[in-house]
Amino acid sequence: MKKYLLIVLVIAMALSFSIAAQSQINSETQELFGDDKETEIIVVLKDDYNVLNEYRTSSYYGGDFEMKKMMIEEQQENVLADLKLKKDEVSIAVQSSEDYDFELTNTYTTINGFAGKLKKSGYQKLMNNPNVLKIYKPQQITAFLSDSVGIVNATKVWNLIYNGINITGKAETVCIIDTGVDYTHAALGNCSTNEFTNGTCKKVIGGYDFVNDDNDAFDDNGHGTHVSGIVASTDSTYRGVAPDASIVVIKVLDDDGFGNSANLISGIDWCVNNASKFNISVISMSLGTETLFN
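This text gives an overview of the structure that appears in the document. Owing to the predicted nature of the structure, the values given are computational and were not obtained by experimental measurement.

### A word on the overall build of the protein chain
Point 1. In terms of regular secondary structure, the protein chain is built from 9 helices and 13 strands.
Point 2. In the protein chain, of all internal contacts separated by at least 6 residues, the share reaching a separation of at least 24 is 70%.
Point 3. Element-wise, carbon and sulfur atoms account for 53% of the exposed surface of the protein chain, whose accessible area totals about 17,000 Å².

This is the structure we're talking about:
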């Protein structure tokens with residue numbers, strides 16, 4: 001009789017655990033999707049330190065930063081391989097409009113994760129992957145601005161000299177993540193679109209537009225130009241904090257000043273990956289969200 005009761009108790013406990021786990025899954029699914037069949041997500045992956053250690057002892061070792069990028073790429077490939085992806089237009093194996101789990105929109109190289117649009121039918125498949133740490137909904141972000149040259153007392157350091165160079169931003173580049181920049185502005189290089197996209201503009205020396213997915217990060221809002229002016233304007237009256245600095249601009253906010261955290265991560269990723277190429281030493285982001293990141 002005792003043995004029978006013990007078996008019943010074990011079965012009841014197993015059923016309770018199963019019901020609780022399923023209830024949690026349903027709650028998480030509802031939070032992500034609501035009544036929609038597809039939603040935008042950011043996927044954070046677990047770092048695989050075994051892979052990192054293997055790279056360190058291999059002939060491919062090129063420093064911890066490069067090894068981590070290789071590990072991230074391998075983790076992404078492993079996770080995405082388990083999903084039926086919606087392919088792009090140039091792919092041979094284009095999926096039908098319904099026959100896919102996930103549409104990849106952002107891949108990162110310095111941050112272990114990726115972003116895209118997940119169908120509800122593919123959620124459990126993604127969550128069951130042991131390499132997945134967390135799935136988030138991207139946060140909406142918007143332009144914020146509060147500081148100026150006067151507030152930070154920039155004028156007090158312009159005459160200071162370090163290693164024979166005035167502290168005016170000379171030989172440094174600031175990567176500004178915002179609504180883009182008006183590189184035709186007289187105080188910001190007075191360059192043409194051709195000069196900017198060809199990389200021959202001497203003030204705004206490069207950048208990318210993640211809103212429209214092209215190389216022309218022109219500002220159609222004004223906020224990014226304002227920020228760029230505060231950072232590095234050469235105007236005699238409205239001089240920037242670091243007037244001799246170069247600017248690289250990353251557009252992640254649209255003409256209304258809104259964007260999402262998935263593209264923001266891509267923007268940070270771009271700045272880090274191109275730091276050596278453009279001598280980027282600072283990333284500037286005058287933006288935020290009305291809700292806290294989880």
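What follows picks up the thread again.
### Brief notes about the state of the cysteines
Point 1. Taken as a whole and assessed by the stated rule, the structure comprises 2 disulfides.
Point 2. Between the sulfur atoms of C175 and its disulfide partner C271 the distance amounts to 2.1 Å. Linking C175 and C271, the disulfide has an S-S dihedral of approximately -60° and is accordingly described as left-handed. Note that C175 is positioned in strand β8 (residues 173-178) and C271 in helix α8 (residues 261-273), a separation of 96 residues in sequence. Neither residue differs from the other here; C175 and C271 are each classed as buried.
Point 3. Residue C191 pairs covalently with C201 via a disulfide, S to S 2.1 Å. Negative torsions about the S-S bond denote left-handed disulfides, and the value of about 85° found for C191 with C201 makes this one right-handed. Taken together, the residues span a long stretch of sequence, with C191 in the loop between β8 and α6 (193-198) and C201 in the loop between α6 and β9 (204-209) at a distance of 10 residues. Of the two residues, C191 and C201, both sit in the buried class.
Point 4. By sequence order of its bonded cysteines, the protein chain has the disulfide arrangement 1-4, 2-3.

### Brief notes about the sheet that holds strand β4 (residues 132-136)
Point 1. Within the open sheet, the 4 strands sit side by side as β2-β3-β1-β4. Their pairing is antiparallel. Both edges of this open sheet fall to β2 (102-107) and β4, since each of them pairs with a single strand only. Looking at each pair of strands side by side, their axes are set apart by 30° on average, direction ignored.
Point 2. The pairing of strand β1 (residues 38-45) with β4 spans 4 bridges and is antiparallel. Residue V44 lies in a different strand from β4, and its bridge partner there is K134.
Point 3. Against the sheet, α8 touches β1, β2 and β3 (113-119), its axis set at about 40° to β2.

### With respect to the sheet that holds strand β10 (residues 246-251)
Point 1. An order of β9-β10-β8-β12 is seen for the 4 strands of this open sheet, with the pairing classed as parallel. Edge positions in the sheet fall to β9 and β12 (280-284), since each of these pairs with one other strand and no more. Adjacent strand axes in the sheet meet at a mean angle of 20°, parallel and antiparallel pairs treated alike.
Point 2. With 4 bridges connecting them, β8 and β12 associate as parallel partners. Following the sheet pairing, V174 is matched in β12 by V282.
Point 3. Across the sheet, helix α7 (residues 223-232) is in contact with β8, β10 and β12; its angle to β8 comes to roughly 155°.
Point 4. On top of the sheet, α8 reaches β8, β9, β10 and β12; it is set at about 170° to β8, its chief contact.

### What to know about α7
Point 1. Counting buried positions along α7 gives 9 out of 10 residues, so the element sits mostly inside the fold.
Point 2. The set of residues buried in α7 consists of H223, G224, T225, V227, S228, G229, I230, V231 and A232.

### Re the packing of aromatic side chains
Point 1. Taken as a whole and judged by the stated rule, the model has 6 aromatic pairs.
Point 2. With a centroid separation of 6.1 Å and 85° between ring planes, the pair formed by F33 and Y123 is classed as edge-to-face. With F33 in helix α1 (residues 2-33) and Y123 in helix α4 (residues 123-127), the pair connects residues that are 90 residues apart, well separated along the chain. Take F33 and Y123: they sit in the same class, and that class is buried.
Point 3. The rings of Y183, F196 and F218 are connected pair by pair, giving a single aromatic cluster.

How each quantity is defined
Residues numbered from 1 in each chain as written. Predicted model: local features only at pLDDT ≥ 70, side-chain atom pairs only at ≥ 80, totals over all residues. Heavy atoms only, no water. Helix = DSSP H or I, 4+ residues; strand = E, 2+ residues; numbered from the N terminus. Contact = heavy atoms within 4.5 Å. Areas by Shrake-Rupley, 256 points an atom, 1.4 Å probe, with all protein chains shown as cover. Disulfide = S-S within 2.5 Å. Buried < 20%, exposed > 50% of the residue type's maximum accessible area, 1.4 Å probe, protein only. Pairing = 2+ DSSP bridges. Axes fitted to C-alpha atoms, helices over the stretch in contact; angles between N-to-C directions. Phe/Tyr/Trp six-rings, centres within 6.5 Å; stacked < 30°, edge-to-face > 60°.

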